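The lines below spell out each chain.
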Amino acid sequence: MSAAVSESQDIEQATAAIHSRPPDNKTRRYDRQLRLWAASGQNALESSRILVLSSSATATAVLKNLVLPGIGHFTILDSAITSPADAGNNFFLAGPSSIGKPRAQEAVPLLRELNDSVEGEAVVKDVKELLRTDDGKAFVSAFSLVIAHNLQKDTTDDLSKLLWSDLNYPPLLVVRSAGFLAEFFIQFHEQCVAQPHTDENVPSLRIIRPFSALTQWASSLDFDSLDPTEHGHIPFVIILVKAVEQWKASHDGKLPATMPERRAFKEQIAEMRKKIDEENFDEAEAQAWRIWSDPPVPGAVQSLFGLAPLTPGLTADAPNAGFHALLRTLEAFVSAPDGPGSLPLSGALPDMRTDTESYVKLQTVYKEFAAVEKVRSRLVIAPAISDEEVDTFVKNAHHIRVLRGHRWGEWDADKEALASSLSIFPRETATHLGLAALSNLLSKAPDGSAVTVDALRAEVHKLVGDNVELPEDLESAIGELARAPTADVPNTAAFLGGMVAQEAIKMITKQYVPVNGYCVIDMVDMWTGTVGGQ
Amino acid sequence: MATAEVLVNGNQNDWSDRYYHVDQILDKPGPRTDPSFLAGEEVKKFLREACKILVIGAGGLGCEILANLALSGFKDIHVIDMDTIDISNLNRQFLFRPKDVGQPKAIVAAEFIMNRVPGVKVTPYFGKIQDKDEEYYMQFNLVICGLDSVEARRWINATLVNMVDPEEPESLKPLIDGGTEGFKGQARVILPTVTSCYECSLDMLNKPTAFPICTIANTPRLPEHCIEWASVLEWPKVFKDKKLDTDDPEHIGWLFKTASARAKEFKIEGVTWSLTQGVVKNIIPAIASTNAIIAASCCNEAFKIATSSAAYLNNYFMLIGTDGVYSFTFEHQKREDCPVCGGQALDITVNKEWTLERLIEMLIERQDVQVKKPSLTTATKQLYLQGPPQLEELTRPNLEKKVSELVEEGDYITVTARTLPFDLTLRVTYA
């Protein structure tokens with residue numbers, strides 16, 4: 001026991017020491033991104049191994065944005081020889097001197113010089129050939145993420161089927177572009193996001209479900225006997241707990257539910273003032289929304305409780321095993337008869353108008369009770385999960401997200417779904433169909449010589465069915481594709497390079513929420529949209 | 001065919017098929033292209049031989065912008081930046097290496113681009129945009145801004161709006177502006193005097209987090225309050241006139257120590273070196289990928305405007321990448337009372353009992369004005385002047401007088417400030 005205490009003190013002291021020194025060079029270099037995804041996100045990036053199929057302008061633009069933040073390793077797999085056109089549109093080739101040499105080999109050193117800590121290698125092989133061998137399949141499946149740009153249709157089919165065939169195989173990011181139009185799709189079975197960094201659900205402060213320390217504080221405080229300074233410093237949380245208590249006492253134990261009741265509740269708060277300019281009471285009125293809707297468990301999290309894991313047994317080596325174990329623990333915590341019947345307290349407290357002493361006291365009350373609930377929820381947790389993971393999970397319990405993805409190409413085989421999407425999201429769906437049609441035509445003639453507006457329209461009809469009426473937006477999309485069927489233009493490449501890298505970072509760090517479906521981009525009218533994710 | 005082009009363009013650096021990709025766009029129109037588009041040689045000649053473009057900022061957006069423009073075929077690029085390279089730039093400003101730390105960004109970036117992309121001329125200027133005059137800005141066809149400073153954006157915006165001469169179409173310089181924060185960003189096209197300008201949208205900016213002085217001084221609750229106390233109140237008290245340099249690790253170290261001591265005294269947790277630096281430098285998180293997205297949108301607009309190969313953005317694109325990809329494209333409306341492009345005075349309603357000091361406070365707080373230390377005059381008198389010291393002293397007694405005693409209803413007040421690149425005219429009504 002005493003050993004454990006001294007150990008934790010050592011860790012605390014060590015952490016304090018780290019936080020009180022000027023940062024080392026690595027921390028300084030990554031400062032602007034560590035402020036977003038912290039050390040946990042950075043560690044995930046540094047352990048990642050990424051395979052990129054192609055060294056086109058778009059492919060190297062994606063890689064640039066992954067090498068800079070510091071992924072662990074990248075491999076470019078590409079058998080292409082640098083053409084004069086490549087030397088003209090790709091920043092990571094050495095201009096005319098790269099012409100005639102293997103493109104991947106030319107690009108790797110220019111990408112590696114962006115960040116000494118990243119490993120990179122070129123494999124000058126044809127992916128199609130590679131996927132025919134067992135060794136090749138094993139090679140591709142061993143990465144943490146695979147990204148493909150403008151890969152031939154049948155090769156993308158083979159690759160997506162392979163990577164879909166095992167839950168432990170890496171996600172696949174399929175990117176297509178021509179001229180001003182582009183799209184990307186992430187194939188994954190499941191993405192569990194413990195830190196989505198979205199602010200849609202504010203962690204509950206448990207004002208309508210107060211824990212004992214909070215109730216005691218509110219009921220022991222006689223507002224009327226306080227002097228004006230103290231009265232003007234009562235934290236809004238305590239004011240609201242008290243106001244709810246009083247309201248319930250005179251309303252059969254019910255909360256204000258209708259608009260008039262809510263107005264009356266606010267008036268009740270206003271009447272508690274001693275002076276008209278007490279800012280803490282203004283704040284209590286402004287924060288009254290926290291009691292209008294404060295479900296014990298937000299609907300989105302509740303629905304995760306019913307989610308069957310992809311692997312029924314949930315062995316420790318199953319994908320996302322830790323996350324699912326935590327999810328089950330959370331469910332057990334919520335339904336425990338002696339528990340609060342809600343998600344555990346996050347422990348976070350917003351700033352409020354009060355004096356230092358009250359704020360620090362309230363913060364301690366929240367932190368201590370959050371620690372109590374964390375210990376209680378830990379009892380059921382599988383031992384393999386680290387303290388840090390539990391902390392993060394509990395802190396973000398109100399936000400956690402689970403995404404279930406689809407196999408690439410599945411949507412394109414569903415005529416009904418395509419036709420329905422075409423009527424609801426015409427321009428996004430039309431652009432996606434145009435790009436799919438273009439890919440079909442390019443697999444017959446890679447130089448683009450078979451691409452015409454009529455040929456594209458005919459291909460689109462093959463995808464959606466002959467009797468589906470095509471929207472006006474389709475003509476805009478296929479006209480633009482016929483104009484530049486094989487163009488990997490620098491601005492589109494750079495735009496995609498940023499978009500795809502953002503998604504790759506989300507997939508690897510499991511922070512932020514990735515796109516589920518086809519993210520379609522039109523740089524003529526400058527819009528983006530997502531379709532096919534249902 | 002591509003070889004023929006080389007001869008037409010007469011540029012020895014353009015190898016055959018160099019522009020194979022871009023030329024697919026430039027050789028024929030798309031279904032949405034304006035009929036004025038001159039497909040083929042003419043547009044290529046303009047882009048590659050005549051068009052002159054200015055990039056303001058060689059940082060996170062600037063590095064990306066320079067590379068995209070060079071690859072797109074712009075050959076005469078100028079770049080202005082007053083900063084030198086810091087190690088914290090290297091996670092995204094991809095034209096810089098550890099050996100370049102301390103060197104001027106504009107110069108290093110220009111050299112890198114010229115080495116990597118043959119035949120492109122990048123002319124750097126290591127200094128402030130305010131060093132240059134209208135004649136300088138008049139030489140460009142387009143201006144792209146990748147800045148992190150509101151003040152600099154307001155200055156270039158006001159300068160370009162002022163330069164517009166309705167008789168002289170060439171005097172209208174399209175301004176393309178980008179900005180990012182974390183996974184979010186925006187790009188916009190400003191046609192000075194025609195579309196809404198930067199000043200028109202000033203109220204869209206997030207209000208900077210300002211902590212009330214009384215909280216900092218008396219009731220600190222957050223670690224940030226302790227850090228502000230150290231930098232805003234204690235530093236000037238201890239070091240008098242010595243200016244705080246937020247890039248000096250010794251200064252940050254002193255602030256951190258002082259803030260930590262105060263936090264300990266008040267039992268507040270969470271003061272760290274990194275937070276101290278973040279608060280005093282107002283650090284905005286920045287990553288390579290978001291900068292790539294926004295810089296690419298800016299350059300795409302520059303390319304479309306320079307070539308007419310497709311319609312340009314009308315006029316605002318914003319992107320949020322935190323939860324899936326969400327973007328919004330819309331037309332930001334001109335403000336009739338915009339002090340830069342609206343030409344009308346800003347109507348303000350003032351309480352009859354307000355002192356001049358209260359009016360000045362209101363101006364400082366207003367999100368659509370954003371002024372620090374303003375001086376106020378009317379056509380006939382000086383209400384309050386921030387300097388020189390003699391005039392400040394002379395006008396100081398006015399601060400306690402009621403505005404209604406100093407200015408007639410319907411009269412105009414002119415507001416000037418060092419940070420304001422134009423004179424703001426207010427028309428006063430009393431309530």
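Not measured: the values here are computed from a predicted model.

A. View of the overall build of chain B. For chain B, the helix and strand inventory stands at 15 helices and 13 strands. With respect to the three principal axes, the spread of C-alpha positions in chain B is 75 × 55 × 45 Å. Residue burial in chain B is summarised as follows: out of 431 residues, 56% are buried. Pairs at least 24 residues apart make up 62% of the contacts formed inside chain B by residues separated by at least 6 positions. Of the roughly 19000 Å² of accessible surface on chain B, 51% is carried by carbon and sulfur atoms. Within chain B, the 59 negative side-chain charges are centred at a point lying 5 Å from the centre of the 46 positive side-chain charges.

B. How the structure looks around the confidence of the model for chain A. Summarising the model, chain A shows a mean pLDDT of 93, and 95% of its residues fall at 70 or more. The low-confidence segment residues 1-9 of chain A (pLDDT under 50) makes zero contacts with residues lying over four places distant or belonging to another chain.

C. Representation of unusual backbone geometry within the structure. A cis amide bond, omega -5 degrees, links N314(B) with the succeeding residue N315(B). In this fold, N315(B) is placed in the loop between helix 12 (288-307) and strand 7 (316-320). Residue P388(B) is reached from G387(B) by a cis peptide bond, and omega for that bond is -5 degrees. Structurally, P388(B) is set in the loop between strand 11 (382-384) and helix 14 (389-395). Positive phi values are uncommon outside glycine, yet N150(A) reaches one of about 45 degrees. Along the polypeptide, N150(A) turns up in the loop between strand 4 (145-149) and helix 9 (153-164).

D. Layout of the sheet that holds strand 13 (residues 424-430) of chain B. Residue and element names in this part refer to chain B. Pairing within the open sheet is mixed, and its five strands lie in the order 9-13-12-10-11. At either margin of the open sheet sits one strand with a lone partner, and together these are strand 9 (346-350) and strand 11. If you compare each strand with its neighbour and ignore which way they point, the axes differ by 35 degrees on average. As paired strands, strand 10 (residues 375-377) and strand 12 (residues 412-416) are joined by three bridges and run antiparallel to one another.

E. Examining the nonpolar core more closely. If you look at the biggest cluster of nonpolar residues, it comprises 163 residues, and the most contacted ones within it are F91(A), I147(A), F184(A), L69(B), F74(B) and I77(B). It is helix 12 of chain B that provides the largest number of residues to this core, a total of 11 residues. Setting aside chain neighbours within four positions, we find I147(A) in contact with I50(A), L51(A), V52(A), L53(A), V62(A), L66(A), L173(A), V175(A), V500(A) and A504(A). Counting 53 residues, the second-largest nonpolar core is a separate cluster that includes I56(B), Y136(B), M163(B) and L202(B).

F. Inspection of the pairing of strand 1 (residues 52-56) of chain B at higher detail. All names here are of chain B. Of all five residues that make up strand 1, four are buried, and the element is covered over most of its length. Regarding topology, helix 4 (residues 60-72) serves as the crossover connection from strand 1 to the parallel strand 2 (residues 76-81), and that connection is right-handed. Here strand 1 pairs with strand 4 (residues 142-146) via four bridges, running parallel. Across the sheet, V55 pairs through a bridge with I144, a residue of strand 4.

G. Molecular detail of the UniProt feature "domain: E2 binding" (unreviewed entry) in chain B. The UniProt entry lists residues 348-431 of chain B under the feature "domain: E2 binding" (unreviewed entry), expressed in the numbering used here. Span residues 348-431 of chain B is 25% helix and 25% strand, its end C-alpha atoms 10 Å apart.

H. Molecular detail of the UniProt feature "domain: THIF-type NAD/FAD binding fold" (unreviewed entry) in chain A. Taking the UniProt record as the reference, the feature "domain: THIF-type NAD/FAD binding fold" (unreviewed entry) is found at residues 30-147 of chain A. Measuring from the first to the last C-alpha atom of residues 30-147 of chain A gives 24 Å, for a span that is 47% helix and 15% strand.

I. Representation of the domain arrangement of chain A. Residue and element names in this part refer to chain A. Domain annotation of chain A identifies domain 1 (25-194 + 489-531) and domain 2 (422-483). Here domain 1 and domain 2 have C-alpha centroids that lie 25 Å from each other. With 16 residues of domain 1 at the interface, the matching set in domain 2 holds 17 residues. Interface of domain 1 and domain 2: buried area, both sides summed, is about 1400 Å²; carbon and sulfur atoms make up 70% of it. For the domain 1 face of the interface with domain 2, the top three residues by lost area are L181, W527 and V531, together amounting to 37%. Scanning the region where domain 1 abuts domain 2 turns up zero salt bridges. At the junction of domain 1 with domain 2, the criterion picks out two residue pairs in polar contact (both at pLDDT 80 or more).

J. How the structure looks around the environment of A419(A). Here A419(A) shows up in helix 20 (residues 415-424). For A419(A), a relative accessible area of 25% gives the class partly exposed.

K. Layout of a positive patch on the surface. Residues and elements named next belong to chain B. A contiguous patch of positive charge, built from K128, K372, K373 and R418, is present on the exposed surface. Residue placement: K373 occurs in the loop between helix 13 (356-365) and strand 10. On the basis of relative accessibility, which here comes to 62%, the residue K373 falls in the exposed class.

L. Inspection of the layout of surface pockets at higher detail. Empty space within the second largest pocket amounts to approximately 1000 Å³. If you go around the second largest pocket, you meet 39 residues; those closest to its centre are S54(A), R103(A), H149(A), N150(A) and L151(A). Mapped by element, the contributors of at least two residues to the lining of the second largest pocket are helix 5 (84-89), helix 7 (127-130), helix 9, strand 5 (172-178) and helix 21 (426-444) of chain A together with helix 2 (20-27) of chain B. In terms of residue count, the dominant contributor to the lining of the second largest pocket is helix 21 of chain A (five residues). The residue makeup of the lining of the second largest pocket, split by class, is 15 nonpolar, 14 polar and 10 charged.

M. Structural view of the UniProt feature "active site" (unreviewed entry) in chain B. Under the UniProt annotation, the feature "active site" (unreviewed entry) is placed at C214(B). With respect to the helices and strands, C214(B) occurs in helix 8 (residues 213-217).

N. Layout of a negative patch on the surface. The grouping of D165(B), E167(B), E168(B) and E170(B) at the surface amounts to a negative patch. Using a relative accessible area of 56% as the deciding quantity, one classes E170(B) as exposed.

O. Local environment of the interface of chain A and chain B. With 86 residues of chain A at the contact, the number on the chain B side is 84 residues. Approximately 7100 Å² of surface area, both sides summed, lies buried where chain A meets chain B, with 60% of it carried by carbon and sulfur atoms. Together, R32(A), F91(A) and R483(A) form the three largest contributors to the area buried by chain A at its contact with chain B, with a combined 13%. On the surface where chain A and chain B come into contact, there are eight salt bridges. A salt bridge links R221(B) to D351(A); its shortest N-O distance comes to 2.6 Å. Where chain A packs against chain B, one counts 36 residue pairs in polar contact (both at pLDDT 80 or more). Per-element accounting of the side of chain A that touches chain B gives the leading share, 11 residues, to helix 24 (residues 490-509) of chain A. Per-class residue counts for the side of chain A that touches chain B are 44 nonpolar, 20 polar and 22 charged.

P. Structural view of the pairing of strand 5 of chain A. Residue and element names in this part refer to chain A. Burial analysis of strand 5 places seven of its seven residues in the buried class, which makes it a mostly covered element. Here strand 5 shows no split at all, with L172, V174, R176 and A178 on one side and L173, V175 and S177 on the other all buried. As paired strands, strand 4 and strand 5 are joined by four bridges and run parallel to one another. Each residue of the ladder has a partner; that of I147, found in strand 5, is L173. Following the chain from strand 4 across helix 9 to the adjacent parallel strand 5, one finds a crossover that is right-handed. Linking strand 5 to strand 6 (residues 181-187), which pair antiparallel, is a turn of two residues; within it G179 sits at a positive phi near 60 degrees.

Q. Molecular detail of the side chain of N91(B). Tracing the backbone shows N91(B) in the loop between strand 2 and helix 5 (105-116). The class for N91(B) is buried, based on a relative accessible area of 0%. A distance of 3.4 Å separates the side chain of N91(B) from the backbone oxygen of A286(B), its partner in a polar contact. Excluding residues that lie within four positions of it along the chain, N91(B) makes contacts with R29(A), Y30(A), R32(A), Q33(A), L68(A), P69(A), A286(B) and A288(B).

R. Just empty space enclosed by the protein, in detail. Under the definition given, this model contains eight cavities of 30 Å³ or more. In this structure, the largest cavity occupies an estimated 170 Å³ of space. A61(A), F91(A), A494(A), N68(B) and L71(B) are the residues nearest the centre of the largest cavity, which is lined by 18 residues in total. Where the lining of the largest cavity is concerned, the elements lending two or more residues are helix 4 (57-67) and helix 24 of chain A together with helix 4 of chain B. With five residues, the single largest contributor to the lining of the largest cavity is helix 4 of chain A. Looking at the lining of the largest cavity residue by residue, the class counts come to 11 nonpolar, five polar and two charged. Roughly 70 Å³ of internal volume is contained in the second largest cavity. Taken together, F180(A), V489(A), P490(A), N491(A), T492(A), V22(B), I25(B), S72(B), N300(B) and F303(B) form the lining of the second largest cavity. Only helix 24 of chain A together with helix 2 and helix 12 of chain B provide two or more residues apiece to the lining of the second largest cavity. Along the lines of polarity and charge, the residues of the lining of the second largest cavity split into six nonpolar, four polar and no charged.

Rules and cut-offs
- Residues numbered from 1 in each chain as written.
- Chains lettered and ligands numbered in written order.
- Predicted model: local features only at pLDDT ≥ 70, side-chain atom pairs only at ≥ 80, totals over all residues.
- Heavy atoms only, no water.
- Helix = DSSP H or I, 4+ residues; strand = E, 2+ residues; numbered from the N terminus.
- Buried < 20%, exposed > 50% of the residue type's maximum accessible area, 1.4 Å probe, protein only.
- Contact = heavy atoms within 4.5 Å.
- Areas by Shrake-Rupley, 256 points an atom, 1.4 Å probe, with all protein chains shown as cover.
- Lys, Arg positive; Asp, Glu negative; His and termini not counted.
- Charge placed at Lys NZ, Arg CZ, Asp CG, Glu CD.
- pLDDT = per-residue confidence, 0-100.
- Pairing = 2+ DSSP bridges.
- Axes fitted to C-alpha atoms, helices over the stretch in contact; angles between N-to-C directions.
- Core = buried A, V, L, I, M, F, W, Y, C linked by side-chain atoms within 4.5 Å.
- Right-handed = clockwise from strand over helix to strand, strands pointing away.
- UniProt positions renumbered as here; feature names shortened; annotations may be inferred.
- Domains from an automatic or database assignment.
- Buried area = accessible area lost by both parts, 1.4 Å probe.
- Salt bridge = Lys/Arg side-chain N within 4 Å of Asp/Glu carboxyl O.
- Polar contact = N/O pair within 3.5 Å; in protein donor to acceptor, adjacent residues only side chain to side chain.
- Patch = residues over 30% accessible without salt bridge, like charges linked within 9 Å, V, L, I, M, F, W, Y side chains within 5 Å.
- 1 Å grid on protein atoms, 1.4 Å probe; cavity = no way out; pocket = protein on both sides within 12 Å on 5 of 7 lines; lining within 4 Å.
- Points joined across faces, edges and corners; volume = space filled by probe spheres on them.
- Nonpolar A, V, L, I, M, F, W, Y, C, P; charged D, E, K, R; others polar.

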